[in-house]
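Topology and contacts: notes
These are the residues of each chain, in order.
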Amino acid sequence: DQQVKQNSPSLSVQEGRISILNCDYTNSMFDYFLWYKKYPAEGPTFLISISSIKDKNEDGRFTVFLNKSAKHLSLHIVPSQPGDSAVYFCAAHSTGNQFYFGTGTSLTVIP
Amino acid sequence: DVKVTQSSRYLVKRTGEKVFLECVQDMDHENMFWYRQDPGLGLRLIYFSYDVKMKEKGDIPEGYSVSREKKERFSLILESASTNQTSMYLCASSSYGTGGSRLWNSPLHFGNGTRLTVT
């Protein structure tokens, strides 16, 4: 059973606009959340994380929002650039347990 | 930067063969992991290790085994390859986390993956 879900397999956005990638989870014990970015023929690279004690974490163009009551996580990319085109995975874990990954969302930024 | 190196980018093996996938990390990380990535299923944990000669099963260990004789090297073994093991295999490493969580509190650093095809 998928404990972390990314319901949108793909997303297309114009360059310069905002990209919003969404992630839902079912396990209320999760306390650490991450986003990974994956280019074709490469392994996933860590992008940004957030602890459950926060509701927002920002790093340059990337912001992650956490809504614990809704069990929802989102990644905002502003402004989107063509180099952001990749597959994005969200992941979550609870202390002492393994990471659970979503199925990924393929983002295409159109120049 | 952490470097996680997987020995092969592409492998083609026959059903029944014994297959070795090798992974080496250069950051003295305690923890190492093997995942497989399949379309529509995301990344699923096969095995992990938090110390030399230690191993733990992940979600899908059947048909696989692992070996960790040295801290920097973690090998995945397919004892008798089958077509349903055709997949992208990803190795990852991480350091011990903070706050009392030995294994899971720091980000995973992934290798570039091995695309295995079993025919």
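Residues numbered from 1 in each chain as written. Chains lettered and ligands numbered in written order. Predicted model: local features only at pLDDT ≥ 70, side-chain atom pairs only at ≥ 80, totals over all residues. Heavy atoms only, no water.

We now examine the overall build of chain B. The number of helices and strands found in chain B is zero helices and 11 strands. Relative to a compact globule of 119 residues, whose C-alpha radius of gyration would be 14 Å, chain B shows 14 Å and is just as compact. When the backbone C-alpha atoms are referred to their principal axes, chain B occupies close to 45 × 30 × 25 Å. Looking at chain B as a whole, 49% of its 119 residues qualify as buried. The distance from the centre of the 16 positive side-chain charges to the centre of the 14 negative ones in chain B is 5 Å. (Helix = DSSP H or I, 4+ residues; strand = E, 2+ residues; numbered from the N terminus. Rg over C-alpha atoms; globule rule 2.2 N^0.38 Å. Buried < 20%, exposed > 50% of the residue type's maximum accessible area, 1.4 Å probe, protein only. Lys, Arg positive; Asp, Glu negative; His and termini not counted. Charge placed at Lys NZ, Arg CZ, Asp CG, Glu CD.)

Take the interface of chain A and chain B next. Between chain A and chain B, the contact holds 21 residues from the first and 19 residues from the second. Summed over both partners, the interface of chain A with chain B buries about 1700 Å², with 60% contributed by carbon and sulfur atoms. The three residues of chain A that bury the most area against chain B are Q98(A), F99(A) and F101(A), which together make up 30% of that side's buried surface. Joining chain A to chain B, the criterion identifies zero salt bridges. Of all elements in the fold, only β4 (32-38), β9 (86-93) and β10 (100-101) of chain A reach the threshold of two or more residues within the side of chain A that touches chain B. In terms of residue count, β4(A) provides more of the side of chain A that touches chain B than any other element does, four residues in total. Taken together, the residues of the side of chain A that touches chain B sort by class into 10 nonpolar, nine polar and two charged. (Contact = heavy atoms within 4.5 Å. Buried area = accessible area lost by both parts, 1.4 Å probe. Salt bridge = Lys/Arg side-chain N within 4 Å of Asp/Glu carboxyl O. Nonpolar A, V, L, I, M, F, W, Y, C, P; charged D, E, K, R; others polar.)

A few words now on the state of the cysteines. Residue and element names in this part refer to chain A. Tallied over the entire structure, the rule returns two disulfides over all chains. Bridging C23 to C90, the disulfide has an S-S length of 1.9 Å. Of note, the bridge from C23 to C90 carries an S-S torsion of about 65 degrees and is right-handed in sense. In this pair, C23 is assigned in strand β3 (residues 19-25) and C90 in strand β9, connecting sequence segments 67 residues apart. (Disulfide = S-S within 2.5 Å.)

Bringing the sheet that holds strand β1 (residues 4-5) of chain A into the picture now. Residue and element names in this part refer to chain A. Within the open sheet, the five strands sit side by side as β1-β3-β8-β7-β6. Their pairing is antiparallel. Of all strands in the sheet, those with a lone pairing partner are β1 and β6 (56-59), marking the two edges. Of the pairings in the sheet, the one linking strand β7 (residues 62-67) to strand β8 (residues 72-77) comprises six bridges and is antiparallel in character. For F65, the partnering residue across the bridge sits in β8 and is S74. (Pairing = 2+ DSSP bridges.)

Bringing the pairing of β7(A) into the picture now. Residue and element names in this part refer to chain A. Taken together, the four bridges between β6 and β7 define a ladder with antiparallel strand orientation. Within the sheet, the bridge partner assigned to D59 lies in β7 and is F62. Hairpin connection, β6 to β7: the antiparallel pair is bridged by two residues, and G60 has positive phi, about 65 degrees. The hairpin turn running from β7 into β8, its antiparallel successor, is four residues long, and K71 in that turn takes a positive phi close to 50 degrees.

What follows is about the environment of E72(B). All names here are of chain B. By secondary structure assignment, the location of E72 is in the loop between β7 (64-70) and β8 (73-78). The exposure class assigned to E72 is partly exposed, which follows from its relative accessible area of 34%. For E72 and D28, which are 44 residues apart along the polypeptide, the C-alpha to C-alpha distance reads 6.4 Å. If sequence neighbours within four positions are ignored, E72 has contacts with C23, V24, Q25 and M32.

Residues and elements named next belong to chain A. Nonpolar side chains collect at one region of the surface, where I18, I20 and V78 lie side by side and expose about 220 Å² of accessible area between them. For I18, the position within the fold is in the loop between β2 (10-14) and β3. By relative accessible area, which is 41% here, I18 ends up partly exposed. (Patch = residues over 30% accessible without salt bridge, like charges linked within 9 Å, V, L, I, M, F, W, Y side chains within 5 Å. Areas by Shrake-Rupley, 256 points an atom, 1.4 Å probe, with all protein chains shown as cover.)

On to the environment of P107(B). Within the secondary structure, P107(B) sits in the loop between β9 (87-94) and β10 (109-110). Residues P107(B) and S94(B), 13 residues apart in the sequence, show an inter-C-alpha distance of 6.3 Å. In this view, P107(B) contacts Y32(A), L34(A), Y36(A), F46(A), S93(B) and S94(B); residues no more than four positions away in its chain are not counted.

This part is about the nonpolar core. Residues V4(A), F33(A), W35(A), L73(A), L75(A), I77(A) and Y88(A) are the most contacted members of the largest nonpolar core, which totals 23 residues. Every element with two or more residues in this core is listed here: β3, β4, β5 (45-51), β7, β8, β9 and β11 (105-110) of chain A. Top element by residues in this core is β9(A). It accounts for four residues. Contacts of L75(A), omitting those with residues within four sequence positions, involve S19(A), I20(A), L21(A), W35(A), L47(A), I48(A), F62(A), T63(A) and Y88(A). Membership of the second largest hydrophobic core comes to 20 residues, among which are W34(B), Y47(B), I60(B) and A81(B). (Core = buried A, V, L, I, M, F, W, Y, C linked by side-chain atoms within 4.5 Å.)

Keep in mind these values describe shape, not function.
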